[in-house]
Amino acid sequence: VSATVGIDQATAGPQLHAEVQDFYARQMHMIDSGHAEAWAATFTEDGIFAANAYPQPTVGRAAIAQAVRATAAQLTAEGVVHRHWFGMLAVYPENDGTLRTRYYALVIRTPKGGQPVIHRCTVAEDELVRQQGVWQVRRRNVTRDDL
Amino acid sequence: VSATVGIDQATAGPQLHAEVQDFYARQMHMIDSGHAEAWAATFTEDGIFAANAYPQPTVGRAAIAQAVRATAAQLTAEGVVHRHWFGMLAVYPENDGTLRTRYYALVIRTPKGGQPVIHRCTVAEDELVRQQGVWQVRRRNVTRDDL
Amino acid sequence: VSATVGIDQATAGPQLHAEVQDFYARQMHMIDSGHAEAWAATFTEDGIFAANAYPQPTVGRAAIAQAVRATAAQLTAEGVVHRHWFGMLAVYPENDGTLRTRYYALVIRTPKGGQPVIHRCTVAEDELVRQQGVWQVRRRNVTRDDL
């Protein structure tokens, strides 16, 4: 049983739940628009993006921005649009103000002139910290269902 | 950079975020149930529905209702069900109380006896105004990813 | 017109909307992780799970847990992962504190080494009651769009 699957664990409360949803929406609008620097700034300076699809985690804003630039260039070359959808978000507060979240994330892929498909189906877990009033991702773990 | 992609812009707050979600859910239940007049009443009298799939925007409740009636009749004739899903909702407040929203919207299409598919993947931007305590759409712009 | 499609009906308020979302996320994390007893405990003791895909409703926690165990074993044997996604949630309060909800629910199916697909597209309606501070499902009706 994952530490973050539980009905008995404290909830972060409805305000934080809606706040995190709004944060995630803005963050995904950035990545899907290819705004690499704005996207990287939603992570802490030493933020970590880890995924079972990659041998090593991506660490720090410069590397995180570079990964998005590379993906955006590839999508443009292929003539496809990616949309990241998050759903089934559960928010778990820690005593120190950190939030742990668990949610599902899809990548929906649409070629120009073609049909949208679900490109990836994943489960993600984040550690979020509030910095000067704004949420930032300290660590994100993404697990693809197909791997 | 779209005016409505930004982490630094003021948020509408968690209450408004959840309110808009509930409004959108009810609105989509109406259109997917073919309730054309109830759907049209969720727009202002002079409401505008614009989409990159259509040469002209649809303007005003009578025209907006008529468009839904036509689509509903066609779906019934084809024996398919459409479900509109919104996700990744970001809500941006204006000083005058108007809300601007940006979100992704899918149409999921299921034929009787068949398999559901993602029929459309879009990005939408709304202007919402509160009229007598109820949110209404003054303008909706829908952009299909495949076009 | 379904009793639960309406813009004029009272809303449960944004706090309850976010609370129910968090509850549903945790509940779906349980079923998709195969935590049958934890899942069953999110229903009332005499809870009812009814679906147009089944001739009879499943009644009571023991039967509800057993159904999940059977499904989880089958998915493991087939080498596929299911993810339940809820969306377009509308929450309607009753005078006695019961909540009625209406939402769309997808099952996304990913085979190991394969492509995710939408396995089911459904509409669901719940009766939720608060027991000792925690929401529980008294009745869930699920209607598949393809049937």
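K.L.:
Would you mind going over the overall build of chain A with me for this structure?
P.N.:
A tally of helices and strands in chain A yields three helices and six strands. For chain A, the α and β elements follow one another from N to C terminus as α-α-β-β-α-β-β-β-β. By the compact-globule yardstick of 15 Å for 147 residues, chain A fits well, its C-alpha radius of gyration being 15 Å. On the principal axes, the C-alpha backbone points of chain A span a range of 45 × 30 × 30 Å. For chain A, buried positions account for 54% of its 147 residues. Relative to all contacts within chain A whose residues are 6 or more apart in sequence, the contacts with residues 24 or more apart total 52%. Counting only carbon and sulfur atoms, one obtains 53% of the accessible surface of chain A, whose full area is about 6,200 Å².

K.L.:
What is the right way to read the sheet that holds strand E2 (residues 58-59) of chain B from this model?
P.N.:
Within a beta sheet, neighbouring strands are joined by backbone hydrogen bonds and run either parallel or antiparallel to one another. All names here are of chain B. One open sheet accounts for six strands, arranged E2-E1-E6-E5-E4-E3; its pairing is mixed. The sheet is open, and its two edges are formed by E2 and strand E3 (80-93), each paired on a single side. Alignment of strand E1 (residues 43-51) against E2, held across two bridges, turns out to be antiparallel. Along E2, the bridge assignment pairs Phe49 with Thr58.

K.L.:
What should I look at first to understand the interface of chain A and chain B in this one?
P.N.:
Note: interface size is frequently given as the accessible area lost on complex formation between the parts. If you look at the interface, chain A gives 31 residues, while chain B gives 32 residues. Interface area for chain A against chain B, summed over the two sides, is near 2,600 Å², with a carbon-plus-sulfur share of 63%. By the criterion of area lost to chain B, the three top residues of chain A are Arg26(A), His29(A) and Trp85(A), representing 31% of everything that side buries. Between the two partners, chain A and chain B, sit one salt bridge. Across the pair Arg83(A) and Asp145(B) runs a salt bridge whose closest N-O atoms are separated by 2.8 Å. Where chain A meets chain B, there are 12 residue pairs in polar contact (both at pLDDT 80 or more). Residue assignment for the side of chain A that touches chain B shows that the elements contributing at least two residues are helix H1 (14-32), strand E3 (80-93), strand E4 (99-111) and strand E5 (117-131) of chain A. With 13 residues, H1(A) is the single largest residue contributor to the side of chain A that touches chain B.

K.L.:
Could you clarify how one ought to interpret the relation of the copies chain A and chain B in this entry?
P.N.:
The operation relating chain A to chain B is a screw motion whose rotation component is 120°, with 0.0 Å of axial translation and a residual RMSD of 0.0 Å. Here the two chains are linked by the operation of a three-fold rotation axis. No C-alpha of chain A lies nearer the rotation axis than that of Ala18(A), which sits 3.7 Å from it. Comparing interface residues between copies, only 16% of those in chain A also sit at the interface in chain B, which points to a heterologous contact through distinct surfaces.

K.L.:
Quick question: what am I supposed to make of the pattern of salt bridges here?
P.N.:
Close approach of charged atoms allows side chains of opposite charge to pair. According to the stated counting rule, one finds 33 salt bridges over all chains in the structure shown. The partner of Asp22(A) in a salt bridge is Arg26(A), and the shortest N-O contact between them spans 2.8 Å. Placement of both Asp22(A) and Arg26(A) in helix H1 is noted, with a separation of four residues, approximately one turn of the helix. A salt bridge links Glu94(B) to Arg100(B); its shortest N-O distance comes to 2.4 Å.

K.L.:
Explain the environment of Arg100(C) here, please?
P.N.:
Positionally, Arg100(C) belongs in strand E4 (residues 99-111). Between the alpha carbons of Arg100(C) and Glu125(C) there is a distance of 7.1 Å; along the sequence they are 25 residues apart.

K.L.:
Explain the interface of chain A and chain C to me, please; I cannot follow it from the model alone.
P.N.:
With 33 residues of chain A in contact, the opposing surface of chain C contributes 31 residues. Of the roughly 2,600 Å² buried between chain A and chain C, counting both surfaces, carbon and sulfur atoms make up 63%. Between chain A and chain C we count one salt bridge in total. In this assembly, chain A and chain C are joined by 12 residue pairs in polar contact (both at pLDDT 80 or more). The greatest single-element share of the side of chain A that touches chain C, amounting to eight residues, is contributed by E3(A).

Calculation criteria
- Residues numbered from 1 in each chain as written.
- Chains lettered and ligands numbered in written order.
- Predicted model: local features only at pLDDT ≥ 70, side-chain atom pairs only at ≥ 80, totals over all residues.
- Heavy atoms only, no water.
- Helix = DSSP H or I, 4+ residues; strand = E, 2+ residues; numbered from the N terminus.
- Rg over C-alpha atoms; globule rule 2.2 N^0.38 Å.
- Buried < 20%, exposed > 50% of the residue type's maximum accessible area, 1.4 Å probe, protein only.
- Contact = heavy atoms within 4.5 Å.
- Areas by Shrake-Rupley, 256 points an atom, 1.4 Å probe, with all protein chains shown as cover.
- Pairing = 2+ DSSP bridges.
- Buried area = accessible area lost by both parts, 1.4 Å probe.
- Salt bridge = Lys/Arg side-chain N within 4 Å of Asp/Glu carboxyl O.
- Polar contact = N/O pair within 3.5 Å; in protein donor to acceptor, adjacent residues only side chain to side chain.
- Least-squares fit on C-alpha atoms with pLDDT ≥ 70 in both.

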